[in-house]
Amino acid sequence: MLTLQEAIAEEMKNPAFRAEWEALEPEFQIIRAITEGRRVNDITQEQLAEATGINQANISRLENGTANPSLRTLKRLAAGLGMKLKLEFVPLVSADQ
């Protein structure tokens, strides 16, 4: 039986799957930032909700990838985690580079 990572690695050989996976990377980054921020600060979703004024259910939706946060929400989350929000645009890299 394949592990999740092995299954993903196998699927990444499919160009269509890879394109869709890479298109979702910004969403994955947001999910990782929130969950890792909570882990580092050793706080629960409820504690983050209290610190930010964002409903705990909404934090759960963000962590599950079923909600799209506004820039204002991301700033509030970062502040609640004792961090600042940093956004950046990076050049696209073509497949032949």
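Look up: the structure comes first, before these words.
Notes on the structure in this doc start here. These numbers come from a predicted model, not from an experiment. (Residues numbered from 1 in each chain as written. Predicted model: local features only at pLDDT ≥ 70, side-chain atom pairs only at ≥ 80, totals over all residues. Heavy atoms only, no water.)

### Observations regarding a nonpolar patch on the surface
A contiguous nonpolar surface patch, about 270 Å² in accessible area, is contributed by Leu71, Leu85 and Leu87. Following the sequence through the fold, leucine 71 ends up in helix 6 (residues 71-80). With a relative accessible area of 44%, leucine 71 lands in the partly exposed category. (Patch = residues over 30% accessible without salt bridge, like charges linked within 9 Å, V, L, I, M, F, W, Y side chains within 5 Å. Areas by Shrake-Rupley, 256 points an atom, 1.4 Å probe, with all protein chains shown as cover. Salt bridge = Lys/Arg side-chain N within 4 Å of Asp/Glu carboxyl O. Helix = DSSP H or I, 4+ residues; strand = E, 2+ residues; numbered from the N terminus. Buried < 20%, exposed > 50% of the residue type's maximum accessible area, 1.4 Å probe, protein only.)

### Section: the environment of lysine 84
Mapped onto the fold, lysine 84 is located in the segment after helix 6. Between the C-alpha atom of lysine 84 and that of leucine 74, which follows or precedes it by ten residues, the distance is 9.3 Å.

### What to know about the side chain of threonine 52
Among the secondary structure elements, threonine 52 is positioned in helix 4 (residues 45-52). Only 3.1 Å separates the side chain of threonine 52 from the backbone nitrogen of isoleucine 54, close enough to count as a polar contact. If sequence neighbours within four positions are ignored, threonine 52 has contacts with Ile59, Arg76, Leu77 and Gly80. (Polar contact = N/O pair within 3.5 Å; in protein donor to acceptor, adjacent residues only side chain to side chain. Contact = heavy atoms within 4.5 Å.)

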